[in-house]
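# Summary of the model geometry
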Amino acid sequence: MPGTKTIEVTVNGQIHRAEVEPRLLLVHFLRDVLGLTGTHIGCDTSQCGVCTVLMNGQAVKSCTVLAVQADGAEITTVEGLAQSGQLHPVQEAFWEKHGLQCGFCTPGAMMLAIGILQENPRPTEEEIRHGLNGIICRCTGYQNIVRAVQHAAERMSG
Ligand code: FES
Ligand code: FES
């Protein structure tokens, strides 16, 4: 198709080749092209963070990345967290510490939490709160999300 570009992106360990328009956002590529609707959209100003995914291991807001920029990248979405029916420690921690209410921000919050813990496996409460600036949760007041990230940090560092 004229004006389109072929990209190859590894998403949750699976390689996807697709022809995309240069203006297509990564979040729309994930949701509309690949059908991975666990990545949510909560704003059009790049502020809410509910679209957060891991790109080459780093938490990024997928509404701020063009699909063509993800060419050759490895993306992990919330659908890729559980392995062989086993929840990721961050998923377990959100469950155990009730780090959610309506759940709308939860996929993004968990991906952000993983990004925080990858950069700093033993963050202080202040560092967790600072990291969570990247997401807007309208329900929880953040307290249980912070507890969940602390709990995940404990689990993941043994
Ligand atoms: S959809 Fe709100 S920051 Fe991406
Ligand atoms: S749990 Fe409702 S927006 Fe965070």
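A brief look at the structure comes next.

What counts as what
- Residues numbered from 1 in each chain as written.
- Chains lettered and ligands numbered in written order.
- Predicted model: local features only at pLDDT ≥ 70, side-chain atom pairs only at ≥ 80, totals over all residues.
- Heavy atoms only, no water.
- Helix = DSSP H or I, 4+ residues; strand = E, 2+ residues; numbered from the N terminus.
- Expected span 1.5 Å × (residues − 1).
- Buried < 20%, exposed > 50% of the residue type's maximum accessible area, 1.4 Å probe, protein only.
- Contact = heavy atoms within 4.5 Å.
- 1 Å grid on protein atoms, 1.4 Å probe; cavity = no way out; pocket = protein on both sides within 12 Å on 5 of 7 lines; lining within 4 Å.
- Points joined across faces, edges and corners; volume = space filled by probe spheres on them.
- Nonpolar A, V, L, I, M, F, W, Y, C, P; charged D, E, K, R; others polar.
- Polar contact = N/O pair within 3.5 Å; in protein donor to acceptor, adjacent residues only side chain to side chain.
- Salt bridge = Lys/Arg side-chain N within 4 Å of Asp/Glu carboxyl O.
- Pairing = 2+ DSSP bridges.
- Axes fitted to C-alpha atoms, helices over the stretch in contact; angles between N-to-C directions.

### Considering helix H5 (residues 143-156)
In an α-helix, one full turn covers 3.6 residues, which means residues spaced three or four apart are oriented alike. Taking 1.5 Å as the rise per residue, H5 with 14 residues should run 20 Å; its terminal C-alpha atoms sit 20 Å apart, in good agreement. Within H5, the full set of buried residues consists of Ile 145, Val 146, Ala 148, Val 149, His 151, Ala 152 and Ala 153. Of the surrounding secondary structure, the elements contacted by the buried residues of H5 are helix H2 (89-96), helix H3 (106-119) and helix H4 (125-131). Gly 158 lies just past H5 and shows a positive phi near 75°.

### Observations regarding the layout of surface pockets
Once rolled over the atoms, a probe with the size of a water molecule shows which space is left empty. For the largest pocket, the calculated volume is near 200 Å³. Lining the largest pocket are Gln 58, Ala 59, Leu 112, Gly 115, Ile 116, Glu 119, Asn 120, Pro 123, Glu 127 and Gly 131. Breaking the lining of the largest pocket down by element, the ones donating at least two residues are strand S4 (58-61), H3 and H4. The class makeup of the residues in the lining of the largest pocket is four nonpolar, four polar and two charged.

### A look at the side chain of His 151
You can see His 151 is positioned in helix H5. Among the polar contacts listed, one links the side chain of His 151 to the side chain of Glu 96, at a separation of 2.8 Å.

### With respect to unusual backbone geometry
Positive phi, close to 50°, is recorded for Asn 56, a residue that is not glycine. With respect to the element layout, Asn 56 can be found in the loop between strand S3 (52-55) and S4. Of note, the phi angle at His 98 is positive, near 55°, even though the residue is not glycine. Mapped onto the elements of the fold, His 98 is located in the loop between H2 and H3. Relative accessible area serves as the criterion here: at 54%, His 98 is assigned to the exposed category.

### Section: the pattern of salt bridges
Taken as a whole and judged by the stated rule, the model has five salt bridges. Linking Glu 21 and Arg 23 is a salt bridge whose minimum nitrogen-to-oxygen distance equals 2.8 Å. Look at Arg 23 and you get exposed, because its relative accessible area is 66%. The partner of Glu 96 in a salt bridge is Arg 155, and the shortest N-O contact between them spans 2.9 Å. Pair noted here: Glu 96 is in helix H2 and Arg 155 is in helix H5, with a separation of 59 residues, a long-range link. According to the relative accessible area criterion, Glu 96 is partly exposed, its value standing at 38%.

### Structural notes on the sheet that holds S3
With mixed pairing, five strands are arranged side by side in an open sheet as S2-S1-S5-S3-S4. The open sheet is flanked by strand S2 (14-20) and S4, the only strands paired with a single partner. Across this sheet, the average inter-strand angle for adjacent strands is 40°, counted without regard to direction. Both strand S1 (residues 5-11) and strand S5 (residues 74-76) contribute to a ladder of two bridges, which runs parallel. Looking at the pairing, Val 11 lines up with Ile 75 of S5. Contacts between H3 and the sheet are confined to S3, S4 and S5, with S3 contributing the most and set at about 40° to the helix.

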